[in-house]
Every structure is written in structure tokens, then in C-alpha cells.
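So you can see what is in the structure, the chains are spelled out below.
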Amino acid sequence: MPFYNAPRNISAFDAKFEAQKIAFGPISFQVAHCLLKFDILATIDKAAEQGITLAELSQSSVLSEYALGVLLDMGLSMGLIWRNDLAYVLDKTGHFLLHDDMAAINLNFVQDVCYQGLFKLDNALLEGKAAGLDVFGDWNTIYPALKDLPPKAKESWFAFDHYYSDHAFPQLLPLVFAHKPKHLVDVGGNTGKWALSCCQYNAEVEVTIMDFPGQLEVAAQHATEQGYTSRVHTYATDLLDESQLFVEGADTYWMSQFLDCFSKVQILSILQRTAKAMTMDSQLFIVETFWDRQPCAASAYCVNATSLYFSAMANGNNRMYHSKDLLALLHQAGLYVDEDTDNLGLGHTLLRCKLKP
């Protein structure tokens with residue numbers, strides 16, 4: 001991953017410009033949000049190469065010429081649009097902001113879930129707790145609060161969570177079922193998307209989802225709606241409560257984008273309790289987006305940015321990890337990696353783990 005092993009090869013002039021972009025970053029973000037929210041980029045896109053003038057835009061917009069003008073001027077400076085005489089034309093970055101699913105998912109997640117709370121990032125880093133979460137209510141972590149978030153925040157949170165996992169499912173399912181699991185325990189299975197995908201993929205597998213009661217209620221409802229009640233089971237627990245046992249003796253345990261929700265101390269505890277529940281014939285599959293194993297600098301940027309959501313909004317002490325950190329914790333928990341597969345989905349890694357002999 002050469003993007004972090006050497007200084008960037010840019011001029012001092014360009015570096016100074018990059019510094020100004022950071023200084024005005026929150027303003028740029030809100031301008032992009034407004035250009036999308038008020039369909040300004042979409043309207044410019046429809047005008048194609050001939051473009052559209054400010055006067056023409058104002059005829060179909062709820063915004064005044066003044067409001068449109070300040071947004072468009074900043075859009076020019078951000079490289080989202082360009083001017084052909086008096087007409088505005090969509091530029092490449094504006095095209096991807098408008099049409100790229102990942103950009104839309106990430107932007108809505110930051111706007112609806114993270115933006116206000118990130119003002120307290122400094123407090124979160126000092127205190128080691130999700131100080132920004134109080135914009136939504138009085139919770140220590142975001143996970144038990146998910147069902148009670150405001151509708152827009154809840155929608156954007158689940159869209160963000162599912163987008164990255166869903167892209168990996170088609171590649172992950174055959175890799176997992178090559179090992180013929182009969183009883184899969186989905187640790188931190190949330191609302192059951194993976195569990196239901198397993199039932200759809202294989203007609204015999206049974207899945208037990210371990211999570212908070214609120215998430216399990218939704219998962220059970222989804223299982224009923226899809227006719228898998230007899231094969232999808234729930235196990236309500238607080239996964240951080242070390243007094244609560246894990247489901248024992250299953251042949252397969254599954255953790256997808258789960259361990260990054262916890263600190264190293266908590267991850268070690270979870271892995272140790274999983275190992276205690278496993279037999280020598282059991283296997284543990286772990287799916288993570290390690291920042292050091294991303295296929296390009298852009299994906300590593302997104303992964304590292306997500307760590308700050310964890311800091312300010314999720315629980316204050318978790319992050320997206322370097323792969324070597326998790327491998328060391330697996331070793332401490334008495335496990336070893338039997339298979340290791342990178343570049344699945346959108347930069348996911350699949351680890352198949354076994355108990356040490």
C-alpha cells in the first residue's frame with residue numbers, strides 16, 4: 001500500500017491549497033449536500049453539454065437567485081461544475097457525487113448520522129466515549145439506540161451498514177458454504193440480512209443470531225416474512241457482558257463487520273468467549289475492511305474516516321483496524337487463521353479461523 005509509505009509528491013503551492021480545502025471542509029460538504037438536496041446538480045446534468053444559466057435554474061428551483069448563486073459559485077471552486085460562458089455544466093466530480101451509489105450512501109450517512117455529533121469529536125477522543133451521540137439521546141453506544149434513532153438517521157445508518165456488507169455477500173456465500181456449515185451462529189447479526197441470505201443460499205443450514213433484543217425482534221419478523229422461522233433462531237444477549245455465554249458447539253461462527261465495533265480489550269474478550277464455545281471441529285469466519293488491505297487510496301480514505309464515526313458516535317473506543325492488530329488478538333484468544341482472502345466486495349477480507357491444537 002504505497003499511498004502511506006512516502007510523502008505526497010505535490011508542490012508547496014498545491015499543498016497549501018489542500019490545507020485551505022480542509023479549513024473550509026464543513027462548508028464544502030454542506031454545499032454539496034444542498035446542491036443534491038435541491039436537485040441543482042440533477043438539473044444541470046439534464047442540460048448536458050449545452051448547460052443551463054442561473055436565470056433558467058431559478059425558474060424551476062425553490063431557491064432564490066441569490067441562494068443558487070452562492071451555491072453555484074462554491075460548486076465551481078469545488079470542481080463539481082464548470083461554466084460554458086453563462087451556462088453551468090456538470091463536471092466529473094459532480095457526476096460521481098450525483099450518480100455514484102457509494103458517494104450517495106456515504107454523504108447521507110455523514111449528514112444524517114455523523115455531522116452534528118462530530119462537533120464533539122475532541123471530547124470523544126479525550127473521554128473515550130461517544131460524546132457526539134447525545135444529539136440523538138442519552139445512550140452510551142449507538143447500537144441499542146438504532147431502533148430509536150430519528151427516521152432519517154436510522155435509514156441512512158442501515159443503508160450505510162448494509163451497502164458494504166451486501167456487496168460482499170455474493171462472493172462470501174460460496175466461500176463459507178464450501179465448508180458445509182450446518183449450524184451457523186451469526187454473532188452481532190443485527191436485523192438478519194446475512195442469516196436470511198444463508199437460508200436462501202442453502203436449504204438445510206440453521207442460523208442462530210446473537211444480538212440485542214431490539215435488533216432480534218426485527219430479524220425474527222424478517223425471518224417470518226420470508227418463511228424461515230424454523231431455521232432462523234435468536235439468542236438475545238449483550239455481547240459485552242462477560243457473564244453471558246455464547247451459543248455453544250456450533251460448527252460455524254460468523255462475525256461480519258462486527259469486531260471493528262469494539263476496542264481491542266473488548267475484541268479479545270469476545271474472541272475468547274467464542275473460542276470457549278467452539279469445538280476443535282468448529283470454524284470462525286471474520287469479515288472486516290482492514291485499512292491496510294484496501295485496493296486503493298480512496299477506499300483506505302473511506303475506511304479511516306469511518307473510524308472517526310466510531311470515535312464520536314458509536315462507542316468512543318473502536319475503529320477500523322490494521323490487519324496485524326486483529327491477527328495478534330486472534331493469537332491471544334487461542335485461535336489461528338486457516339484461510340485468508342482479500343479483495344472481496346468493497347475491500348473486505350475474509351478470515352477463516354480455527355482453535356489452536
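As the structure is a prediction and not an experimental result, all values here were calculated from the model. (Residues numbered from 1 in each chain as written. Predicted model: local features only at pLDDT ≥ 70, side-chain atom pairs only at ≥ 80, totals over all residues. Heavy atoms only, no water.)

Caption draft 1: View of the packing of aromatic side chains. By the definition in use, this model includes 12 aromatic pairs. The interplanar angle of 65 degrees and the centroid separation of 5.0 Å between the aromatic rings of Phe169 and Trp194 together place this pair among those described as edge-to-face. One end of the pair, Phe169, is in helix 9 (residues 151-177); the other, Trp194, is in helix 10 (residues 193-201), and 25 residues separate them in sequence. As far as the burial class goes, Phe169 and Trp194 line up, both buried. The interplanar angle of 45 degrees and the centroid separation of 5.0 Å between the aromatic rings of Tyr309 and Phe310 together place this pair among those described as tilted. Pair check on accessibility: Tyr309 and Phe310 agree, each one buried. Each member of the aromatic cluster is reached from another via a ring pair, and the members are Phe109, Phe160, Tyr163, Tyr164, Tyr309 and Phe310. The ring of Phe17 has Lys21 lying over it, and the distance from NZ or CZ to the ring centre is 4.6 Å. (Phe/Tyr/Trp six-rings, centres within 6.5 Å; stacked < 30°, edge-to-face > 60°. Helix = DSSP H or I, 4+ residues; strand = E, 2+ residues; numbered from the N terminus. Buried < 20%, exposed > 50% of the residue type's maximum accessible area, 1.4 Å probe, protein only. Lys NZ or Arg CZ within 6 Å of the ring centre and 35° of its normal.)

Caption draft 2: Looking closely at the packing of helix 2 (residues 25-37) against helix 5 (residues 65-77). Across the interface, helix 2 lies against helix 5 with an axial gap of 10 Å and an inter-helix angle of 120 degrees. Considering only the axes of helix 2 and helix 5, their crossing is left-handed. In this structure, helix 2 contributes Ser28, Val31, Cys34 and Leu35 to the contact, and helix 5 contributes Leu71, Met74 and Gly75. Partitioned by chemical class, the residues of the contact of helix 2 with helix 5 number five nonpolar, two polar and no charged. (Axes fitted to C-alpha atoms, helices over the stretch in contact; angles between N-to-C directions. Left-handed = near helix turned anticlockwise from the far one by under 90°. Contact = heavy atoms within 4.5 Å. Nonpolar A, V, L, I, M, F, W, Y, C, P; charged D, E, K, R; others polar.)

Caption draft 3: A look at the layout of surface pockets. Space inside the second largest pocket adds up to approximately 220 Å³. As for the second largest pocket, its lining consists of His33, Leu36, Lys37, Leu97, Leu98, Ala104, Leu107, Asn108, Gln111, Asp112 and Lys152. Secondary structure elements with two or more residues in the lining of the second largest pocket: helix 2, helix 6 (92-99) and helix 7 (101-114). Considering every element that reaches the lining of the second largest pocket, the biggest residue donor is helix 7, with five residues. Class assignment for the residues of the lining of the second largest pocket results in five nonpolar, three polar and three charged. (1 Å grid on protein atoms, 1.4 Å probe; cavity = no way out; pocket = protein on both sides within 12 Å on 5 of 7 lines; lining within 4 Å. Points joined across faces, edges and corners; volume = space filled by probe spheres on them.)

Nothing here speaks to function; it is all geometry.
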